[in-house]
Amino acid sequence: MLAPGVGAGAASDRDAVLKDYSSGAKITACRFTIAQLQSALSELGADVNAYSPGVRDAIKGEIQRWKNGDCKGKKGAAVDIRIVKISAKGGARSESVTLKNFGAKGVNLRRYVLRDASKHTIRFKKTTLKAGRSLRVVTGCRKGSKAAVRKGSRYYGCRKTQFWDDAGDVVSLINDKGTLLSKQAYGQAPA
């Protein structure tokens, strides 16, 4: 059970929680992290009860579930990987996207995808992002390599041309099941 990270923005957290709530007038237990729930709660407008009656109380109930320890160690607890930095200037060997695992356990990124608004993608091969660690994803190849490779805290996608538009873009991290985990725009992002 995965959801957009707080790094995707408070509005994205709100939208993800509202979408989950609208499918049955409840929030899936332990799906969102406590930070995502608090972020979503802070983004609710005064008119939320007009279009999603009871959602505010449902979010507060989920926050309390986490505080009570009912989500600790649950298999369905949310993976919390966020896009924390985008460096778009320069060619493929200069541009990068930095991910951070804010979750409590390591996550295998195999088949996860970084994608921009134009649908350029970097698909991860087997690589694990440990809890609390960051991974800088460089678009280009590592010197001397002709394939995607991980070296320390860097993952080289081995693409020949730059992906992230210098003027602005939207970068999304999508898991192996197609769920949006994190989304971040920069500059003059395309509509």
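Rules used in this analysis
- Residues numbered from 1 in each chain as written.
- Predicted model: local features only at pLDDT ≥ 70, side-chain atom pairs only at ≥ 80, totals over all residues.
- Heavy atoms only, no water.
- Phe/Tyr/Trp six-rings, centres within 6.5 Å; stacked < 30°, edge-to-face > 60°.
- Helix = DSSP H or I, 4+ residues; strand = E, 2+ residues; numbered from the N terminus.
- Buried < 20%, exposed > 50% of the residue type's maximum accessible area, 1.4 Å probe, protein only.
- Pairing = 2+ DSSP bridges.
- Axes fitted to C-alpha atoms, helices over the stretch in contact; angles between N-to-C directions.
- Salt bridge = Lys/Arg side-chain N within 4 Å of Asp/Glu carboxyl O.
- Patch = residues over 30% accessible without salt bridge, like charges linked within 9 Å, V, L, I, M, F, W, Y side chains within 5 Å.
- Areas by Shrake-Rupley, 256 points an atom, 1.4 Å probe, with all protein chains shown as cover.
- Lys, Arg positive; Asp, Glu negative; His and termini not counted.
- Charge placed at Lys NZ, Arg CZ, Asp CG, Glu CD.
- pLDDT = per-residue confidence, 0-100.
- Contact = heavy atoms within 4.5 Å.
- Disulfide = S-S within 2.5 Å.

Each aromatic ring pair is summarised here by two numbers: the centre-to-centre distance and the angle between the ring planes. Counted by the stated rule, this structure contains two aromatic pairs. Aromatic pair Phe-124 and Tyr-155: ring centres 4.9 Å apart, planes at 50°, arrangement tilted. On the criterion of sequence distance, the pair formed by Phe-124 in the loop between strand 5 (121-123) and strand 6 (128-129) and Tyr-155 in strand 9 (residues 154-156) is long-range, its members being 31 residues apart. The class for Tyr-155 is buried, based on a relative accessible area of 2%.

On to the sheet that holds strand 11 (residues 180-187). If you walk across this open sheet you meet the four strands as 5-4-10-11, and the pairing is antiparallel. What marks the edges here is a single partner per strand, and that holds for strand 5 and strand 11. Strand-to-strand twist in this sheet, taken as the mean axis angle between neighbours without regard to direction, amounts to 15°. Examined bridge by bridge, strand 10 (residues 168-174) and strand 11 share seven bridges and lie antiparallel to one another. Bridge pairing in strand 11 places Gly-168 opposite Gly-187.

Before going further, it helps to examine the pattern of salt bridges. As enumerated under the stated definition, the model contains five salt bridges in all. Notably, a salt bridge pairs Asp-15 with Arg-14, separated by 3.0 Å at the nearest N-O pair. In this structure, Asp-80 and Arg-82 form a salt bridge, with 2.8 Å as the shortest nitrogen-oxygen distance. By the burial criterion, Asp-80 is buried, and Arg-82 matches it. If you follow the salt bridges from partner to partner, you end up with Arg-14, Asp-15 and Glu-43 in one network.

Residues Arg-110, Arg-111, Arg-123 and Lys-126 make up a contiguous surface patch of positive charge. Relative to the helices and strands, Arg-123 is located in strand 5.

For the rest of this paragraph, the subject is the confidence of the model for the chain. Mean pLDDT over the chain stands at 85; residues scoring 70 or higher make up 91%. Confidence drops under pLDDT 50 across residues 1-7; counting only partners more than four residues distant or on other chains, this segment forms 43 contacts.

Turning our attention to the pairing of strand 10. Most of strand 10 is tucked away: seven of the seven residues are buried. Taking every second residue as pointing to the same face, both faces of strand 10 are buried, with Gly-168, Val-170, Ser-172 and Ile-174 on one and Asp-169, Val-171 and Leu-173 on the other. Here strand 4 (residues 113-115) runs beside strand 10; their pairing, made up of three bridges, is antiparallel. Counterpart to Arg-115 in the pairing with strand 10 is Ser-172.

By the definition in use, this model includes one disulfide. Sulfur-sulfur distance for the disulfide between Cys-141 and Cys-158 comes to 1.8 Å. For the disulfide bridge between Cys-141 and Cys-158, the dihedral angle about the S-S bond is near 90°, and by the sign convention the bridge is right-handed. Taken together, the residues span a long stretch of sequence, with Cys-141 in the loop between strand 7 (134-138) and strand 8 (149-151) and Cys-158 in the loop between strand 9 and strand 10 at a distance of 17 residues. For the pair shown, Cys-141 and Cys-158 are each scored as buried.

In space, the five strands of this open sheet follow the order 1-2-7-9-8, with mixed pairing throughout. The open sheet terminates on both sides in strands that have one partner only, identified here as strand 1 (81-87) and strand 8. Ignoring which end each strand starts from, the neighbouring axes of this sheet average 25° apart. Pairing of strand 8 with strand 9, which is carried by three bridges, proceeds in the antiparallel orientation. Each residue of the ladder has a partner; that of Arg-150, found in strand 9, is Tyr-155.

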